[in-house]
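Okay, here's what each chain looks like letter by letter:
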Amino acid sequence: VVLVVDFGAQYAQLIARRVREVNVYSEIVPHNMPVREMLAKEPAAIILSGGPASVYVDGAPSVDPALFNAGVPVMGICYGFQAMAQALGGQVAHTGASEYGRTSLCITSPGQLLSRIPHTISVWMSHGDSVSRAPEGFSTLARTAGAPVAAFENVERKLVGVQWHPEVQHSESGQTVLEHFLFDIAGCRPDWNASSIVGDQIAQIRGQVGDRRVICGLSGGVDSAVAAALVQRAVGDQLTCVFVDHGLLRQGEAEQVKHDFVEATGADLVVADESQRFLDALAGVTDPEAKRKIIGREFIRTFEDVAKRLNADQTIDFLVQGTLYPDVVESGGGEGAANIKSHHNVGGLPDDLQFSLVEPLRTLFKDEVRTVGLELGLPEDIVWRQPFPGPGLGIRVIGEVTKERLEVLRTADAITREEMSAAGLDRKVWQCPVVLLGDVHSVGVQGDGRTYGSPIVLRPVTSEDAMTADWARIPYDVLEKISTRITNACPQINRVVLDITSKPPATIEWE
Ligand code: XMP
């Protein structure tokens, strides 16, 4: 295993992902884990991630120098590089020359880490402080205008560091730098892939669950389907799947889920129609976080009710959730990460949860989950389904959720999906939320009369893992068809607008 020490979650996730992409298993550990615990995991290498802190700030996370004396190869990145320099006796200075974004890097002496890379490359930087002197025994490999020591290495001790972010796509040769460290310096072997977790996960689930019973909430998305299929492989009949129809689904979705999932897995599926319960709980609520928390809570209450109903001779102790890595990170699960929004199955869980959670996908990224799904024999229809959030249309009807407004959004969404599919765009876009605005109204002219209606927003995005996203360039003729059909079909809508914001600064969903 390669350990990625987390100094600021968003960065650590990405590094872990890049390491796995070259078929080396990686795990993220918090920066405050004692070195002896890290070493107990017998890591083949350790990578110190970047992070938002400055080494000068009071309470800034530091690195125990013992980490560098254990003979384990270590690479420091950005903040990790500076913390490493400081721990090894080098010097970090406030140079006042911050560098953010694309920066030109000059490789002055490539050493082993930067060998076979062009002398000048463009890299992604994000730092205020700089290493001004490399620790003794280390050679300086590169510089930028603002960073006199932008990379260093000590080949005998297998310790290296870079000031930039080789893990982001905008850094040229970034993946090559990581590979040089992993393969040439640390001697890792590329023998892991996402499907190799299947066996481990099955064993782990069996260990956790024993002969007790498990309930799984299916949402129709790939995550819960893969999680359920894994648990079914592990404990078979002990699993009951529950599909909660919370009334916030898209047109035809409930029928499709029932059909596809049962067909593919033969699993025992209970359908709970709880739309009234969710609508009642959401009545009058407009705040996005409050809506998310209510939906999260009602999901769990529904599972608890179903579990009680099913509880013939043995209580159900476990709840399976298809929680992914990005959900955990963005709900503030990673140490030092900000809470952006409470994903319904992480930050939205009630405190008095009566189940223990089984979350076999908690460390995986979406593309890895798809690989696991195919490995488990799930059909492509399920595995390649576009993401749809658990809180469903509840977070796409901006403001108060009512039956009438849901109905309008459902129609607009169905038209959009139909036209996107007809244009062959399903695999080209990551997903396309359709959003009904709340407080905003606009004047229109429909059927010779003035109207004062609601706008619909189309939010097509491309993405690799939902952590970052770009707006998708949908052909104008497709947009035109969608717009005309929506305004014809929904008298309440007199305007269709396109969201052309990337993530960041926006998020994918509007709430
Ligand atoms: P954001 O809006 O955070 O969305 O950029 C990132 C991805 O996550 C989906 N999403 C959710 N999925 N429960 C889910 O299962 C949630 O509460 C939730 N909120 C957002 C969103 O559709 C996108 O794919």
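Keep in mind that this is a model prediction, so the values were computed, not measured. (Residues numbered from 1 in each chain as written. Predicted model: local features only at pLDDT ≥ 70, side-chain atom pairs only at ≥ 80, totals over all residues. Heavy atoms only, no water.)

**Notes on the sheet that holds strand S16 (residues 356-358)**
Step number 1: Taken together, the 5 strands give an open sheet; going across it, the order is S14-S13-S12-S15-S16, and neighbouring strands pair in parallel fashion. Each edge of the open sheet carries a strand with a single partner, namely strand S14 (269-273) and S16. Geometrically, the sheet is characterised by an average inter-axis angle of 30 degrees between neighbouring strands, direction not taken into account.
Step number 2: With 4 bridges joining them, strand S12 (residues 213-218) and strand S15 (residues 316-320) adopt parallel strand pairing. Bridge pairing in S15 places Arg 213 opposite Ile 316.
Step number 3: Across the sheet, helix H9 (residues 288-310) is in contact with S12, strand S13 (239-245), S14 and S15; its angle to S13 comes to roughly 130 degrees. (Pairing = 2+ DSSP bridges. Helix = DSSP H or I, 4+ residues; strand = E, 2+ residues; numbered from the N terminus. Axes fitted to C-alpha atoms, helices over the stretch in contact; angles between N-to-C directions. Contact = heavy atoms within 4.5 Å.)

**Re the packing of helix H13 (residues 403-422) against helix H14 (residues 476-489)**
Step number 1: The N-to-C vectors of H13 and H14 enclose an angle of 155 degrees; their axes lie 9 Å apart at closest approach. Classified by the angle their axes make, H13 and H14 are roughly antiparallel. Once H13 is placed against H14, the crossing between them reads as right-handed. Only Val 478, Lys 481, Ile 482, Arg 485, Ile 486 and Ala 489 of H14 make contact with H13, whose side of the interface consists of Thr 411, Ala 412, Ile 415, Thr 416, Glu 418, Glu 419 and Met 420. (Parallel < 35°, antiparallel > 145°, perpendicular 65-115°, else oblique. Left-handed = near helix turned anticlockwise from the far one by under 90°.)

**A closer look at the packing of aromatic side chains**
Step number 1: Under the definition given, this model contains 6 aromatic pairs.
Step number 2: Ring geometry for Phe 81 and Phe 152: centres 4.6 Å apart, planes at 45 degrees, overall tilted. Of this pair, Phe 81 sits in helix H3 (residues 79-87) while Phe 152 sits in strand S10 (residues 151-154), and the two are 71 residues apart along the sequence.
Step number 3: Residue classification places Phe 152 among the buried positions, given a relative accessible area of 0%.
Step number 4: Look at Phe 138 and Phe 152: their rings are 5.0 Å apart centre to centre, the planes differ by 70 degrees, and that puts the pair in the edge-to-face class. Of this pair, Phe 138 sits in the loop between strand S8 (130-133) and strand S9 (139-143) while Phe 152 sits in strand S10; the two residues are 14 residues apart in sequence, bridging distant segments of the chain. One exposure class covers both Phe 138 and Phe 152, and it is buried.
Step number 5: An aromatic cluster is defined as three or more aromatic residues linked by ring pairs; in this entry it consists of Phe 81, Phe 138 and Phe 152.
Step number 6: The positively charged end of Arg 370 is found above the aromatic ring belonging to Trp 430, 5.7 Å away from the centroid.
Step number 7: Taking NZ or CZ as reference, Arg 473 lies 3.7 Å from the ring centre of Trp 471, over its face. (Phe/Tyr/Trp six-rings, centres within 6.5 Å; stacked < 30°, edge-to-face > 60°. Buried < 20%, exposed > 50% of the residue type's maximum accessible area, 1.4 Å probe, protein only. Lys NZ or Arg CZ within 6 Å of the ring centre and 35° of its normal.)

**What to know about unusual backbone geometry**
Step number 1: Geometrically, the link from Lys 503 to Pro 504 is a cis peptide bond, its omega value of -15 degrees lying close to zero.
Step number 2: Among the structural elements, Pro 504 can be located in the segment after strand S22 (493-498).
Step number 3: With omega at 10 degrees, the peptide bond leading from Pro 504 into Pro 505 counts as cis.
Step number 4: By the element assignment, Pro 505 lies in the segment after S22.
Step number 5: Phi is positive for Cys 78, which is not a glycine, with a value near 55 degrees.

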